[in-house]
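These are the residues of each chain, in order.
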Amino acid sequence: MRSLVILISGRGSNMQALLEANLPVDKITVISNNPNASGLIIAQQHSVETAVIDHRSFPDRESFDAALAEKIDTCKPKLIALAGFMRILSDRFVQHYEGRLINVHPSLLPAFTGLNTHSRALQEGVKIHGCTVHFVTSQLDHGPIVFQAAIPILPDDTEKTLASRVLKQEHRIYPQAVRWFMLDQLKILNHCVEVRKASVNDIVLHSPGLQE
Ligand code: GAR
């Protein structure tokens with residue numbers, strides 16, 4: 001059975017993109033560390049099983065991660081997708097799922113790891129920005145890169161306009177990356193990801209013009 005677990009903390013728009021992508025999966029479970037995450041309502045509207053494991057009920061990171069892993073393991077997932085899951089995960093958790101834990105990050109990694117990626121890109125004056133889907137390793141935002149989308153930074157861009165245009169690309173590349181994984185098309189070799197049997201149309205660099 002191809003089971004997918006999606007971890008969220010808030011709005012859940014990437015989760016929604018995954019739910020609506022008609023992915024080759026048999027079961028999806030959405031888990032949030034935040035009982036008030038609005039993404040939980042979207043998941044329920046899509047008739048997807050949801051669970052909440054509130055990190056504030058645990059004394060430390062390790063005990064929260066252990067409870068989270070226990071719940072995840074009952075789903076027997078082929079893949080765990082972080083979709084705006086705003087918790088740093090312990091090494092033990094990451095190692096337990098290494099090779100089947102994936103994340104979407106709002107920058108062209110390895111540039112702008114961490115938070116506030118859009119304002120930092122504007123401050124640095126970079127001309128190209130974007131988003132990255134990558135496998136998660138113990139080093140924050142440094143795992144093997146699966147897929148990236150690049151967009152131009154326009155002269156009158158603000159943090160808000162940039163975030164919105166990058167998010168649109170996240171919704172495009174994340175489902176494709178998860179589809180590849182589910183169909184066993186991804187292979188990690190020496191920290192690099194090879195996409196097998198992908199059509200040129202799928203992997204071509206997407207560089208949207210000013211209208212997108
Ligand atoms: C997305 O932009 C995602 O890339 C980012 O949080 C947002 C969540 O939005 N994730 C990170 O910054 C993780 N380092 P969403 O809840 O609407 O998917």
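What you see is a predicted model, and the numbers here were worked out from it, not measured in a lab. (Residues numbered from 1 in each chain as written. Predicted model: local features only at pLDDT ≥ 70, side-chain atom pairs only at ≥ 80, totals over all residues. Heavy atoms only, no water.)

A. Looking closely at the side chain of His129. Turning to its location among the elements, His129 is positioned in strand β6 (residues 128–135). For His129, a relative accessible area of 1% gives the class buried. Of note is the side chain of His129, whose polar atom sits 2.9 Å from the side chain of His118. (Helix = DSSP H or I, 4+ residues; strand = E, 2+ residues; numbered from the N terminus. Buried < 20%, exposed > 50% of the residue type's maximum accessible area, 1.4 Å probe, protein only. Polar contact = N/O pair within 3.5 Å; in protein donor to acceptor, adjacent residues only side chain to side chain.)

B. Structural detail: the state of the cysteines. All chains considered together, the criterion is met by 0 disulfides. With no disulfide of its own, Cys192 lies closest to Cys131 among cysteine sulfurs, the gap being 19 Å. (Disulfide = S-S within 2.5 Å.)

C. Seen up close, the sheet that holds strand β2 (residues 27–32). The mixed open sheet is built from 7 strands, whose spatial order is β3-β2-β1-β4-β5-β6-β7. Looking at strand neighbours, the two that pair on one side only are β3 (49–52) and β7 (145–152), the edges of this open sheet. Neighbour-to-neighbour, the strand axes of the sheet open up by a mean angle of 20°, direction not taken into account. Bridge count between strand β1 (residues 3–8) and β2: 6 bridges; the pairing is parallel. Counted as the bridge partner of Leu4 is Ile28 from β2. (Pairing = 2+ DSSP bridges. Axes fitted to C-alpha atoms, helices over the stretch in contact; angles between N-to-C directions.)

Just geometry here; none of it tells us what the structure is for.
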